[in-house]
Amino acid sequence: MAKPLINKIEKAGLIGRGGAGFPTAVKWKSVKNAHEKPKYVICNASEGEMGVFKDFHILKNHPEKIIKGMALAMDYLKTKEAYININAKYYKKLKKRLEKIFNTYRKGGYDFTIFQEHPSYIGGEETALLNAIEGKRIEPRLKPPFPSIAGLFGKPTLINNVETFYNVACVADNTYKQCRFYCISGKAKKPSTYYLPNNLTIEKILKITKNYPKFDFFVQIGGSASGTVLNKKQIKKNKMIGAGAIEIFSKKLKPREFLLRLFEFYKNESCGKCAPCREGTYQLFKIVKRNKTIQWGKIMEIIDTMEQTAFCGLGRSIDTPVKSYMKNILKIKI
Amino acid sequence: MEIFINDKKYRCEKGESVLQVAIRNNIKIPHFCYHEDLPIDANCRTCLVETSPKEVIATSCTLKAEQGLKVYTNTPKVRMLRKENLELLLADHKKLCHYCNRGYFCEVIDEIKKYKVKGEKYQRCKAGTKIHKMGDAAEYDPEACIACNKCVEMCQKIGIGFLKLSEKEKKTRISYNLNPKVDCIYCGQCTVHCPVAAVREQSHSENVERILKDKNKIVIAQMAPSIRTSIGEDFGLRPGVDLTGQMFTALRKLGFNKIFDVNMGADITTCVEAKELVERVLHGKGKLPMFTSCCPGWVKYAEFYHPEIIPNLTLARSPQIHSGGAYKTWWAEKEKIDPRKIIVVSIMPCTSKKYEAKLKELKINGLYPVDYVLTTREMAILLKKNKINLPKLKPSKVDSYGIYSGAGAIYGASGGVMESALRSAHYFMTGKELKKVEFKKVRGMQGIKTAKIRIRKKVLKIAVVYTAKNAAAIIEKMKRDPKTYDYIEVMACPGGCIGGGGQPIPTTEKIIAKRIEALYKIDSKMKLRKAHKNPIVKEFFESYIKNLPKKKQEEILYRTYSKKKKFE
């Protein structure tokens, strides 16, 4: 008898590829164990983080796999209800192909609903995504309850990223090879999506893909907003975390420009729910914009407050890029 | 279960949050987005505490009490982060103070002072949106909004959903629903749940202050039933202290020429309405069920959302309009005063009464029955401004034309109008006086109360509801079976007027229940407990109304309704 899929997922050590890296099998089991019905499966193809574009790549090149992964999850949870939360721009480009596959499954009784999302960073927050689908104000919910217990319309809900469903299908087909998708961008020679082993160092990835710069550089990995900033030395050891992005920056980039780009993104993407993120991100941008020299003291007051008191992980994440950039690149003691 | 707050042990229930335990034990933790009757939003991020030994910062509104949990409310880390969030939240807020009537009991100002937040560290993003007026009742200023979401939730809870937060990021502000089928009913529950007075009543204070100085005017004060047992809260008293006599003294001190009472108007309303009920029930003159109409929020709801039930609304005017009208006609004639010289100022627990006062269809002889309406909050501020320490005043009596019955006094509580009407309807139906005047089934804090009341051979099926949400449910029921009820009382606000949008802040269901208790106590202590026995009301009907041509009678006693459009 074939091994149950859940055991195979567990054995393969799949972790969520949306950025948070939560063990996939644990998530699946907790939805399975929830009592309420119906249960929902949601594929998140929001991809609102800067420097990440792998979801589009997978949707374009392996849509069958993703949808198969979703159907497997539906079988496992004994549900026929699934949603795909898809970046509206992506859907426009891929509609024909996706609908064809969905229709095949629909004939088998699987119900897929397409939710076209205006691309946003907060879409990466699972409960904000649920609110969006329910037509509510797009902002994170108070947890607990977690989506696995009370998610979409208050029912147990499994939310996985595009790549996770792709991996699930690979595991089911016995073709999963401990690889992941890497998005290389910025001052790269060959910016693109690459599919490579998930245990390589960042340096190795840059070299294999012929993207290792000849100029003095640093990188931001995981995501170009919330990701960690590393110097040339550090990438010899460090491996990928988060959503799979590597953005290459020239060391000549002025700190003010680096911060402006970062804070502008946070300022525009804050959902507006909590005070530190809503007001803080705006003030951060203003502080850098208004002054020629960087007011580190003022910036850190807000960064620390956001890190410790913002409502959701997205707001709290802002200290990662700022502090790692200060420490690893600018060598400023914090 | 026990937890430790600042090293002191406190008992608590399972499921309670640390903030709830703190509030119950008078431990001050600043909070702007927590209200005990509404969902937890956790968006102001000021109710921070530090846990021990892990030293994690958490919001006390979301931190659940667990056996042995240790938290500190005032560590250096907490103070620093809280101050920063206050700076962010209240940036520029102080500049808006002059708009705000609340200066005398403003929690925001307390926190600003305590944490030395000057509101100058940051400048808020200007949303570029203007003050929005909700009819003539309330208004909101997006520039002052801190997006706490309380007004939105309260508007939902009432069953309206007019207010909403719009935009995202720094532009997140209060706004309104663009759906043409959704409109504000002016209940003002948003204003009594706003922590920063970004949503507030449209002020009449300045007009009243000005008119009190005008020697050519006769200025009449009439306060609503609900003012007397709640205004004490704005002077630091516990909820439910009856300050009727003190209020009469205070109004005299402020310079009002005559101190009358909306309770007297309530007695007129009861007589008019109870007679109409009898006509409809016994003689088939008009549709059943008959609905009350003394709550302008409810009337606006009916006119906008359910114009099909307009024929079911009682034609009786509301108490403040009845008494205001009586003073500007009957009393003016008796005292030989030109009605144009009379200014009637109502003190109401309500914002929709401001809107009602401005309704052209209620004019008598071209004059508005009521000229200005102050909320309980506006009145308290006016008193403080004039250094009148209300609770310390010697009680005095209402002027004779303001005499009222206990039936008028209970109008403030949900079920009060019903109970008053029943006391008089019994007399009008049977010609006999009711011995046991209390109808306990229509009292209390339930959104929908129903009862069957036997009056001789007739069984009256009645319902008492508050909030538009419950009204909608009753209307639905009535449409399925028009015979379900004969008479229905509806109030827009939780608990009735006593929980109104113009009441002191905070107003919670627990506080409302205390205020209600005090109202029923006023009634139970009175000898005069039926509206139709009020000698002033009797005189008004018998020596004045009776002798008027029918058209004039109607102008003073009755009103009409019309289908309303959005923002009308």
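Not measured: the values here are computed from a predicted model.

Quick notes on the rules
Residues numbered from 1 in each chain as written. Chains lettered and ligands numbered in written order. Predicted model: local features only at pLDDT ≥ 70, side-chain atom pairs only at ≥ 80, totals over all residues. Heavy atoms only, no water. Helix = DSSP H or I, 4+ residues; strand = E, 2+ residues; numbered from the N terminus. Rg over C-alpha atoms; globule rule 2.2 N^0.38 Å. Contact = heavy atoms within 4.5 Å. Lys, Arg positive; Asp, Glu negative; His and termini not counted. Charge placed at Lys NZ, Arg CZ, Asp CG, Glu CD. Buried area = accessible area lost by both parts, 1.4 Å probe. Salt bridge = Lys/Arg side-chain N within 4 Å of Asp/Glu carboxyl O. Polar contact = N/O pair within 3.5 Å; in protein donor to acceptor, adjacent residues only side chain to side chain. Buried < 20%, exposed > 50% of the residue type's maximum accessible area, 1.4 Å probe, protein only. Arc of directions from axis to C-beta. pLDDT = per-residue confidence, 0-100. 1 Å grid on protein atoms, 1.4 Å probe; cavity = no way out; pocket = protein on both sides within 12 Å on 5 of 7 lines; lining within 4 Å. Points joined across faces, edges and corners; volume = space filled by probe spheres on them. Nonpolar A, V, L, I, M, F, W, Y, C, P; charged D, E, K, R; others polar.

1. A closer look at the overall build of chain A
Along chain A, the regular secondary structure elements total 13 helices and nine strands. A compact globule built from 334 residues would reach a C-alpha radius of gyration of about 20 Å, and chain A, at 20 Å, matches this within 12%. Taken along the three principal axes of its C-alpha coordinates, chain A extends 60 × 45 × 35 Å. Expressed as a percentage of contacts within chain A between residues at least 6 apart in sequence, the contacts between residues at least 24 apart total 66%. Side-chain charges of chain A comprise 61 positive and 28 negative groups, with the mean position of each set lying 6 Å from the other.

2. Focus: the interface of chain B and chain A
Between chain B and chain A, the contact holds 29 residues from the first and 27 residues from the second. For the pairing of chain B and chain A, the buried interface totals around 2,400 Å² over both sides, and the portion due to carbon and sulfur atoms is 52%. At the junction of chain B and chain A, the tally comes to three salt bridges. The interface formed by chain B and chain A contains 13 residue pairs in polar contact (both at pLDDT 80 or more). Looking at the side of chain B that touches chain A, the elements that each hand over two or more residues are helix H2 (76–89) and strand S8 (163–166) of chain B.

3. Some points on helix H6 (residues 205–212) of chain B
Residue and element names in this part refer to chain B. Those residues of H6 that fall on the buried side of the exposure criterion are Ser205, Val208, Ile211 and Leu212. Buried positions in H6, seen along its axis, are confined to an arc of 135° and lie on one side of it. With respect to the buried face of H6, the exposed residues turned more than 90 degrees away are Glu206 and Arg210. If you follow the buried residues of H6, they end up packed against strand S11 (218–223), helix H7 (244–254), strand S14 (342–348), strand S15 (372–375) and helix H12 (376–385).

4. Quick notes on unusual backbone geometry
Residue and element names in this part refer to chain A. Cis peptide bonds are those with omega within 30 degrees of zero, and the linkage from Lys37 to Pro38 qualifies with -5°. By the element assignment, Pro38 lies in the loop between helix H2 (24–33) and strand S1 (40–45). Looking along the chain, the bond that leaves Pro144 and enters Pro145 is cis, with omega of 5°. Relative to the helices and strands, Pro145 is located in the loop between helix H6 (126–133) and strand S4 (157–161). Unusually for a residue other than glycine, Lys210 sits at a positive phi of about 60°. Note on placement: Lys210 falls in the loop between helix H8 (202–208) and strand S7 (217–221). For Lys210, a relative accessible area of 55% corresponds to the exposed category.

5. Structural notes on the confidence of the model for chain B
Segments scoring low in pLDDT should not have their predicted coordinates read at a detailed level. Taken as a whole, chain B shows an average pLDDT of 95; of its residues, 98% reach a score of 70 or greater. Here the complex is predicted with pTM 0.94, and the ipTM for its interfaces comes to 0.93.

6. Some details on empty space enclosed by the protein
Empty space among the atoms becomes visible once a probe the size of a water molecule is rolled across them. In the structure shown here, the tally under the stated rule is eight cavities of 30 Å³ or more. In this model, the largest cavity occupies a volume close to 250 Å³. At the level of secondary structure, the elements contributing two or more residues to the lining of the largest cavity comprise helix H10 (319–335) and helix H11 (352–357) of chain B. When the residues that make up the lining of the largest cavity are grouped by side-chain class, the tally is 16 nonpolar, six polar and one charged. In this structure, the second largest cavity is lined by 17 residues; those nearest its centre are Ser270, Cys271, Cys277, Cys312 and Gly315 of chain A. Elements supplying a minimum of two residues to the lining of the second largest cavity: helix H9 (255–269), helix H10 (275–290) and helix H12 (313–316) of chain A. Residues belonging to the lining of the second largest cavity are distributed by class as follows: eleven nonpolar, three polar and three charged.

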